[in-house]
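# Summary of structural features
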Amino acid sequence: MVNWLQKVIAAGSKIKERIRERASREEIKNSKWMSPCCGNTPILKSSIFNDEQVNTCPNCDKHFPFPPRQRFEHFYGKNKWELIDTPRIPDDPLRWPGDVYKKKLAAARKATNQRCSVLVALGERDGMKITSFAINSAFIGGAISVESAEAILKACDVAIENQTPLIAWSEGGGQIMFESGLSLQGMARTVLGVNEVKKNNLPYINIYTNKCYGGISASFAGVSDIAFVEKSSMVGFAGQHIVKNQTREDLKSNFQSSTELIRTGFADGEFHRKEINDKIMTVLKILLKKNSAISAEENEITKDSQSLSKTA
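Everything in this summary refers to the structure shown in the same document.

Procedures and definitions
- Residues numbered from 1 in each chain as written.
- Predicted model: local features only at pLDDT ≥ 70, side-chain atom pairs only at ≥ 80, totals over all residues.
- Heavy atoms only, no water.
- Salt bridge = Lys/Arg side-chain N within 4 Å of Asp/Glu carboxyl O.
- Helix = DSSP H or I, 4+ residues; strand = E, 2+ residues; numbered from the N terminus.
- Expected span 1.5 Å × (residues − 1).
- Buried < 20%, exposed > 50% of the residue type's maximum accessible area, 1.4 Å probe, protein only.
- Polar contact = N/O pair within 3.5 Å; in protein donor to acceptor, adjacent residues only side chain to side chain.
- Contact = heavy atoms within 4.5 Å.
- Pairing = 2+ DSSP bridges.
- Axes fitted to C-alpha atoms, helices over the stretch in contact; angles between N-to-C directions.
- Phe/Tyr/Trp six-rings, centres within 6.5 Å; stacked < 30°, edge-to-face > 60°.
- Core = buried A, V, L, I, M, F, W, Y, C linked by side-chain atoms within 4.5 Å.
- Patch = residues over 30% accessible without salt bridge, like charges linked within 9 Å, V, L, I, M, F, W, Y side chains within 5 Å.
- Areas by Shrake-Rupley, 256 points an atom, 1.4 Å probe, with all protein chains shown as cover.
- Parallel < 35°, antiparallel > 145°, perpendicular 65-115°, else oblique.
- Nonpolar A, V, L, I, M, F, W, Y, C, P; charged D, E, K, R; others polar.

### Notes on the pattern of salt bridges
With the rule as written, the count across this model stands at 11 salt bridges. In this structure, Asp126 engages Lys285 in a salt bridge whose closest nitrogen and oxygen atoms are separated by 3.2 Å. One end of the pair, Asp126, is in the loop between strand S4 (118-125) and strand S5 (128-135); the other, Lys285, is in helix H10 (residues 273-287), with 159 residues separating them in the sequence. What you see here is one network of salt bridges that share partners, running through Arg71, Glu171, Glu230 and Arg273.

Printed below as a string of structure tokens:
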């Protein structure tokens with residue numbers, strides 16, 4: 001007869017076996033399979049993360065993260081853009097104990113090959129020079145640090161210096177907590193930088209991508225001339241759980257979704273990643289009168305401008 005101690009030992013052995021059977025983080029990362037975003041069957045990563053699908057699901061259109069370098073390549077085209085050097089700020093201004101922040105920065109830089117969460121590019125598309133910046137959510141959640149804010153201000157300066165429109169791909173959770181009030185100042189500074197771009201009569205277009213919250217949506221992303229949003233993106237200030245806990249109300253299933261942004265007028269258009277580049281260029285050509293049919297005095301209203309009006 002098996003006593004209680006033997007039962008405990010046997011149960012412990014089973015638990016150890018189950019733990020050993022589970023894949024490690026490294027194995028999951030290197031696996032060619034991933035958990036399904038739709039349906040019940042695991043899906044091949046290669047069916048989503050390729051040049052044709054541009055990191056979107058072919059079945060449900062879910063948009064997965066799209067790192068800045070890939071975004072620039074997708075928007076401008078190969079060898080049609082260059083990275084702009086941005087200011088470097090001393091790390092860990094608040095001197096966190098145990099170098100906890102420095103370690104996070106080191107890990108993020110190694111994983112993304114970026115100094116901060118923002119990259120800036122200057123390139124050409126359809127014969128038009130365009131300045132843009134994109135946020136990488138893989139860099140500490142896309143949080144905006146002092147250095148990230150400086151990168152955005154650099155993008156504004158480059159746009160003004162070269163008299164180009166400015167495009168932003170915005171995602172992330174807001175200002176980085178490790179820099180406290182210093183990072184919060186970046187909200188006001190980036191808005192002032194964008195306003196300088198506008199004073200020079202240069203268009204500023206922001207594209208919300210999944211997910212965009214906090215000080216990002218409440219600063220430079222929220223003051224654009226035109227706001228587009230990628231499909232399946234979630235955008236807001238505070239997250240759903242926080243809003244629900246504070247209001248004590250049940251939220252709609254589409255709360256903070258890209259479709260709800262269109263309904264409420266927070267965004268001007270919702271598009272798939274495959275088509276959004278053409279939409280951006282249509283808007284820019286209208287605003288800058290680069291389309292001969294649009295700039296002609298006898299034909300001010302075209303099919304493109306009519307469809308844009310419906311979208312807006």
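More follows now that the structure is in view.
### A short note on H10
Spanning 15 residues, H10 covers 22 Å between terminal C-alpha atoms, matching the ideal 21 Å at 1.5 Å per step. Listing the buried residues of H10 in full gives Arg273, Ile276, Asn277, Ile280, Met281, Val283, Leu284 and Ile286. Just past H10, the residue Lys289 takes up positive phi, approximately 55°.

### Some words on unusual backbone geometry
Here Asn210 and Lys211 are connected by a cis peptide whose omega angle stands at -5°. The phi angle at Asp61 is positive, at roughly 65°, despite the residue not being glycine. Among the structural elements, Asp61 can be located in the loop between strand S2 (43-44) and helix H3 (68-76). Within the chain, Ser180 stands out as a residue other than glycine whose phi angle is a positive 45°. Structurally, the position occupied by Ser180 is in helix H6 (residues 180-199).

### What about the side chain of Glu171?
With respect to the helices and strands, Glu171 occurs in strand S6 (residues 166-172). Assessed through its relative accessible area of 2%, Glu171 is described here as buried. Polar side-chain contacts of Glu171 include one of 2.9 Å to the side chain of Thr209. In this structure, Glu171 is in contact with Arg71, Ile135, Asn136, Ser137, Gly142, Thr209, Asn210, Lys211, Cys212 and Ile216, ignoring residues within four places of it in sequence.

### Considering the sheet that holds S4
Read across the sheet, 7 strands follow the order S3-S4-S5-S6-S7-S8-S9 without closing on themselves; strand pairing throughout is mixed. Both outer strands of the open sheet, strand S3 (81-83) and strand S9 (269-271), are each paired with one neighbouring strand and no more. Taken pair by pair, the neighbouring strands of this sheet meet at an average axis angle of 20°, ignoring direction. With 3 bridges joining them, strand S8 (residues 226-230) and S9 adopt parallel strand pairing. Residue pairing across strands places Val229 opposite Glu270, the latter belonging to S9. Docked against the sheet, H10 engages S4, S5, S6, strand S7 (204-212), S8 and S9, running at close to 170° with respect to S8.

### Considerations on the packing of aromatic side chains
One pass over the full model with this rule turns up 11 aromatic pairs. With 5.0 Å between their ring centres and 80° between their planes, Phe75 and Tyr76 make a pair best called edge-to-face. With a centroid separation of 5.1 Å and 85° between ring planes, the pair formed by Phe228 and Phe271 is classed as edge-to-face. Here Phe228 is found in strand S8, whereas its partner Phe271 is found in strand S9, with 43 residues between them in sequence. For the pair formed by Phe228 and Phe271, the shared burial category is buried. In textbook terms, an aromatic cluster arises when at least three aromatic residues are bridged by ring pairs, as seen for Phe72, Phe75, Tyr76, Trp81 and Trp169.

### Topic: the nonpolar core
Of all hydrophobic cores here, the largest spans 31 residues; its most connected members are Val118, Phe133, Leu166 and Phe220. When residues no more than four places from it in sequence are discounted, the contact partners of Phe220 are Phe133, Ile135, Ile144, Ile152, Ser170, Thr190, Val191, Val194 and Tyr204. Grouped together as the second largest cluster of nonpolar side chains are 21 residues, Phe75, Ala134, Phe271 and Ile276 included.

### Remarks on a nonpolar patch on the surface
On the surface, Trp4, Leu5, Val8 and Ile9 cluster together into a nonpolar patch covering about 460 Å² of accessible area. You can see Leu5 is positioned in helix H1 (residues 4-21). Among the residues examined, Leu5 registers a relative accessible area of 44% and is labelled partly exposed.

### So, the packing of helix H5 (residues 146-162) against H6
At their nearest, the axes of H5 and H6 sit 9 Å apart, and the two run at 5° to each other. The angle between H5 and H6 falls in the class roughly parallel. Of the residues in H6, those in contact with Val146, Ala149, Glu150, Ile152, Leu153, Cys156 and Ile160 of H5 are Leu182, Ser183, Gly186, Arg189, Thr190, Gly193, Val194, Glu196 and Val197. Grouping the amino acids of the contact of H5 with H6 by side-chain chemistry returns 9 nonpolar, 4 polar and 3 charged.

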